[in-house]
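# A structural walkthrough
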Amino acid sequence: MAVSTPLLSVDAVTLQYRVPGRLVTAVHDVSFELLTGDRFVILGPSGCGKSSLLKAIAGFGMPSAGSFRLNGVPITRPGPDRMMVFQDLDQLLPWQTVAGNVVSALRRAAGLSRVEAERRAAAMIGRVGLAKFAGAYPHTLSGGMKQRAALARALALRPAMLLMDEPFAALDALTRSTMQRELLDLCLDMELTVLFVTHSVEEALLIGTRILVLSAHPGQVRAEFQGLGPDASPAAKDHLKQRIETLIMAGSLPHAV
Amino acid sequence: MPYDRPEREIPAVRLAEIADLATPLGPVERLRTSLGFWRLVVLVVLALAWEGYGRWIDNDLLFPTLGETLYALWAATVSGVLPMRIFASLRLLITGYAIGLAAAALFTTLAMSSLVGRAALSTLTAMFNPLPAVALLPLALLWFGLGGPSLIFVIVHSVLWSVSLNAYAGFGAVNQTLRMVGWNLGIRGWRHVALILVPAAFPAILSGLKIGWAFAWRTLIAAELVFGVSSRSGGIGWFIYENRNQLDIASVFAGLLVVIAIGLLIEGLIFRLIERVTIQRWGVGV
């Protein structure tokens, strides 16, 4: 792929938020570039501001310094070109069925006609394996199914990039590993560009083609690695895992909170 | 010597043979565990006790029998007096309820959009919530005169605070993720309120509507009882008051039954129905 400019460029971004009486710096001077086709993982311990960073890229809140550019255009507000899948299992509209959630998203955000939206929704819901549950209300679904439905809603809109905020963290271990594998399949199949936030080194190694390691309090770039392909040797994987774990441990030691 | 427990593996085919996981219950068993059935039994027992006690003391000035009450109910219905009274009460109630809701929507919007509005709403609700709406009736009669407008004023007052307080709390409690999902889809401004916030806060709004309705209905009957308004346009409260003055106690009981019946009808039927097709189906709230 010959891509001359990055899809997303994050340039010296500092994020701060107000709590009563204080101004807290969540992320300090973070820069990176994301190319089309990347599965870019932001990895860091809890409290490193990785979620805040992802939300800011989604357009919820502005950076206090630096800039986000999508295809060279500054990001100013949320939009369906950066669909987000949250960690929260309650991200589907509970008053609509699975199909209703996807259809209404397509109609509101992409302006599709009902027929076209229903067609595309059905295809996407089938793609994530929820065809049998298209008519079910979210509260009747398991956690994994809810996240699949949220993924279907996001993917149906064909976003320029998919933002995922620890989407599998609230799931049980078995469901999580199934979902990770399925996401990977979807990514390869649909040639998705993904920005994925996680605190799990294993998850980062499994999913990422590029891994950005952040330190905690406030989040700062500690390292950036090229991910390993699925055919990489276990020894290479272990080696990278060790390096990343050492970085994260070292970062958290001096700051006794 | 260790106790010997051999390892084992059972073919999945054999496990699948037990297909009948749920067996339907028989009709008697179903009736025995149905709340509705037992409520019916309680009603029948109450009715029998009423009839028995009425016959035993044999004094229709103090305690008419169920039969006499039902007859009075029938007579008042056929003569057209009772339907007229019910209509008068419901008309006032619906008018007052609608105005109260509109005012609550306005108040909630103000509270949502500014700190001053929020301060105004919380202060006014704190002040007026403990004040029984009927207590304002003397003033209302002074301002609006004897008749409908005074009662509507009192009903509006009883609906407004509970509904706006609940709606405001409901909007405040909407899951931040759901708000973000809305914005993510490019839904902004009043469409965000209408498409995301209102349905998400609906359980709280509905419970406000129920409380508001309960207040309004009790306030209306009480107000009609205390101040008869004019006999021509009087409601059910007035029907009760009038018949007590004429010592037609069976009709007083009939009036009370009607008050109960309308209350049950709206709470148990209309609100139940709304709950069933909304928050119960969505699996939110209760």
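Just so it is clear, the model here is predicted, and its values are computed rather than measured.

## Focus on the overall build of chain A
When you go through chain A residue by residue, the secondary structure sums to seven helices and ten strands. A globule of 257 residues ought to have a C-alpha radius of gyration of about 18 Å, and chain A, at 18 Å, matches this closely. For chain A, the spread of C-alpha atoms along the principal axes amounts to about 55 × 45 × 40 Å. With 257 residues in all, chain A has 41% of them scored as buried.

## Quick word on the overall build of chain B
Per the secondary structure count, chain B includes 13 helices and zero strands. Mapped in sequence order, the helices and strands of chain B form the string α-α-α-α-α-α-α-α-α-α-α-α-α. Relative to its length of 286 residues, chain B is extended, with a C-alpha radius of gyration of 27 Å against a globular reference of 19 Å. With the C-alpha coordinates aligned to their principal axes, the bounding extent of chain B is approximately 95 × 60 × 40 Å. A burial count over chain B gives 32% of its 286 residues as buried. Sequence separation of at least 24 residues holds for 68% of the intrachain contacts in chain B that already meet a minimum separation of 6.

## As for the domain arrangement of chain A
Residue and element names in this part refer to chain A. By domain assignment, chain A separates into domain 1 (1–81 + 160–257) and domain 2 (92–158). Look at where the C-alpha atoms of domain 1 and domain 2 centre, and you get two points 26 Å apart. With nine residues of domain 1 at the interface, the matching set in domain 2 holds eight residues.

## Comments concerning the packing of helix α5 (residues 81–113) of chain B against helix α12 (residues 236–245) of chain B
Residue and element names in this part refer to chain B. With their axes 7 Å apart at the nearest point, α5 and α12 run at an angle of 135 degrees to one another. Comparing the axis directions of α5 and α12 gives the class oblique. Residues L82, R85, I86 and S89 of α5 form the contact with α12, whose participating residues are I236, W238 and F239.

## Section: the sheet that holds strand β8 (residues 194–198) of chain A
Residue and element names in this part refer to chain A. Taken together, six strands build an open sheet; the order of strands is β6-β7-β8-β3-β9-β10 and the sheet is mixed. Looking at strand neighbours, the two that pair on one side only are β6 (82–85) and β10 (221–226), the edges of this open sheet. This sheet shows a mean twist of 15 degrees between the axes of neighbouring strands, independent of strand direction. Summarising the sheet, strand β3 (residues 39–43) and β8 pair through five bridges and their orientation is parallel. The residue bridging V41 from the neighbouring strand is F196, located in β8. Packing of helix α4 (residues 143–156) onto the sheet brings it into contact with β6 and β7 (161–165), and relative to β6 it is tilted by some 180 degrees.

## Some points on helix α9 (residues 176–184) of chain B
For α9(B), the full list of buried residues reads B:M180, B:V181, B:G182 and B:N184. Each element contacted by the buried residues of α9(B) is listed here: α1 (50–58) and β6 of chain A together with α10 (189–200) of chain B. Count one or two residues on from α9(B) and you reach B:G186, which has phi positive near 80 degrees.

## Describing the interface of chain A and chain B
Listed per partner, the contact involves 20 residues of chain A and 15 residues of chain B. For the side of chain A that touches chain B, the secondary-structure elements that each account for two or more residues are β6 and α2 (98–110) of chain A. It is α2(A) that contributes the most residues to the side of chain A that touches chain B, three residues altogether.

## Concerning the sheet that holds strand β5 (residues 73–74) of chain A
Residue and element names in this part refer to chain A. Spatially, the four strands line up as an open sheet ordered β2-β1-β4-β5, and their pairing is antiparallel. Each having just a single partner strand, β2 (22–34) and β5 make up the two edges of the open sheet. Note that strand β4 (residues 65–70) and β5 share two bridges and pair antiparallel. Residue pairing for β5: R69 is matched across the bridge by P74.

## Quick look at the nonpolar core
Ranked by internal contacts, the top residues of the largest apolar core, which has 124 residues, are A:I57, A:V102, A:I125, A:L163 and B:I155. If one sorts the elements of this core by residue count, helix α8 (residues 148–172) of chain B sits on top with 13 residues. Of the residues that make up this core, three or more belong to each of domain 1 (1–81 + 160–257) and domain 2 (92–158) of chain A. Those residues in contact with A:L163, other than ones at most four positions away along the chain, are A:L54, A:I57, A:A58, A:R82, A:M83, A:M84 and A:L195.

Basis of the calculations
Residues numbered from 1 in each chain as written. Chains lettered and ligands numbered in written order. Predicted model: local features only at pLDDT ≥ 70, side-chain atom pairs only at ≥ 80, totals over all residues. Helix = DSSP H or I, 4+ residues; strand = E, 2+ residues; numbered from the N terminus. Rg over C-alpha atoms; globule rule 2.2 N^0.38 Å. Buried ≥ 20, exposed ≤ 12 C-beta atoms within 10 Å, placed from the backbone. Contact = placed C-beta atoms within 7 Å. Domains from an automatic or database assignment. Axes fitted to C-alpha atoms, helices over the stretch in contact; angles between N-to-C directions. Parallel < 35°, antiparallel > 145°, perpendicular 65-115°, else oblique. Pairing = 2+ DSSP bridges. Core = buried A, V, L, I, M, F, W, Y, C linked by C-beta atoms within 7 Å.

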